[in-house]
Amino acid sequence: ERRGWKLTAESHEKFTVKMVGQTMTFGSGEVIKQKRVPITAEDRGKHYYSSHETDRLEHQPTGLLRLRLYKYYGSYRDWIETADRPLESRLNDVIVGMLQEAARHRSREEKWAEQRRQYELQEQMQREAEERVRREKQQIDKLIADANRWETANRIRSYVQHAREVGCAAIS
């Protein structure tokens, strides 16, 4: 927070920090080691195991602390302390890693925003082209209708003139 970043506790093990304009989620917890243990007859009596299962996983605490930076689509980045290097001595690495991820996050968002802008621009251009085609079709349809009316009017005039010249009494 001294650096101007806003830190918020989402739960007792998950936090968000707003840094360089990006919201990053991270958590802490103990590293759990998984160990395969043969399934005993007593285990089979307590739990259901299929006949082909021979091992079960047993979770064992290690006493080592882990910081996890959650990224997109379920991916993450971990910093895990070791017996000779506690996590507190790696905080600078954690901050640098978070800043790198924030920069990647910002770059990714800017790329997506540009792709959205390009898509929307193409959509707008497509709509404008479709509107132009529609207007041109209306103009062509109107011109054809006007030409047909003009041709019909000319035929009627020609017929009336011819009928007058011949002396058709029905017309006068």
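Note that the coordinates shown come from a computational prediction; the quantities given were computed from them, not determined experimentally.

Thresholds, definitions, all that
Residues numbered from 1 in each chain as written. Predicted model: local features only at pLDDT ≥ 70, side-chain atom pairs only at ≥ 80, totals over all residues. Heavy atoms only, no water. Helix = DSSP H or I, 4+ residues; strand = E, 2+ residues; numbered from the N terminus. Rg over C-alpha atoms; globule rule 2.2 N^0.38 Å. Buried < 20%, exposed > 50% of the residue type's maximum accessible area, 1.4 Å probe, protein only. Contact = heavy atoms within 4.5 Å. Areas by Shrake-Rupley, 256 points an atom, 1.4 Å probe, with all protein chains shown as cover. Lys, Arg positive; Asp, Glu negative; His and termini not counted. Charge placed at Lys NZ, Arg CZ, Asp CG, Glu CD. Pairing = 2+ DSSP bridges. Axes fitted to C-alpha atoms, helices over the stretch in contact; angles between N-to-C directions. Salt bridge = Lys/Arg side-chain N within 4 Å of Asp/Glu carboxyl O. Phe/Tyr/Trp six-rings, centres within 6.5 Å; stacked < 30°, edge-to-face > 60°. Lys NZ or Arg CZ within 6 Å of the ring centre and 35° of its normal.

## Notes on the overall build of the protein
Step number 1: Counting secondary structure elements, the protein contains 2 helices and 5 strands.
Step number 2: Going residue by residue from the N terminus, the α and β elements of the protein occur as β-β-β-α-β-β-α.
Step number 3: For the protein, whose C-alpha radius of gyration is 39 Å, the value lies well above the compact-globule estimate of 16 Å for 172 residues.
Step number 4: With the principal axes as the frame, the protein shows a C-alpha extent of 120 × 55 × 20 Å.
Step number 5: Split into buried and exposed, the 172 residues of the protein put 18% on the buried side.
Step number 6: Look at the contacts in the protein between residues 6 or more apart in sequence, and 43% of them connect residues 24 or more apart.
Step number 7: Accessible surface, the protein: about 13,700 Å² in total, of which carbon and sulfur atoms supply 53%.
Step number 8: Of note, the protein has its 33 positive side-chain charges centred 3 Å away from the centre of its 28 negative side-chain charges.

## With respect to the sheet that holds strand 5 (residues 76-80)
Step number 1: Spatial strand order, 1-2-3-4-5: 5 strands in an open sheet with antiparallel pairing. In this open sheet, the two edge strands, each paired with only one partner strand, are strand 1 (6-9) and strand 5. Here the average twist between neighbouring strands, direction ignored, is 40 degrees.
Step number 2: Summarising the sheet, strand 1 and strand 2 (residues 14-19) pair through 4 bridges and their orientation is antiparallel. Within strand 2, the position partnered with Thr8 by the bridge is Thr16.
Step number 3: Seen against the sheet, helix 2 (residues 91-166) touches strand 2, strand 3 (22-38), strand 4 (55-70) and strand 5 and runs at an angle of roughly 115 degrees to strand 3.

## Comments concerning the pattern of salt bridges
Step number 1: Under the defined criterion, the tally for this structure stands at 11 salt bridges.
Step number 2: The shortest N-O distance in the salt bridge between Arg104 and Glu101 comes to 3.1 Å. In this pair, Arg104 and Glu101 are both assigned in helix 2, 3 residues apart and thus about one turn of the helix distant.
Step number 3: The partner of Asp146 in a salt bridge is Arg149, with the nearest N and O atoms 2.2 Å apart. Here Asp146 and its partner Arg149 are both found in helix 2, 3 residues apart, which amounts to about one turn of the helix.
Step number 4: By relative accessible area, Arg149 is classed as exposed at 51%.
Step number 5: Each of the salt bridges in this network shares a partner with another, and the network as a whole consists of Arg85, Arg90 and Asp93.

## Looking at the packing of aromatic side chains
Step number 1: Per the counting criterion, the structure on display carries 1 aromatic pair.
Step number 2: Residue placement shows Arg68 over the ring face of Tyr76; its charged tip is 3.5 Å from the ring centre.

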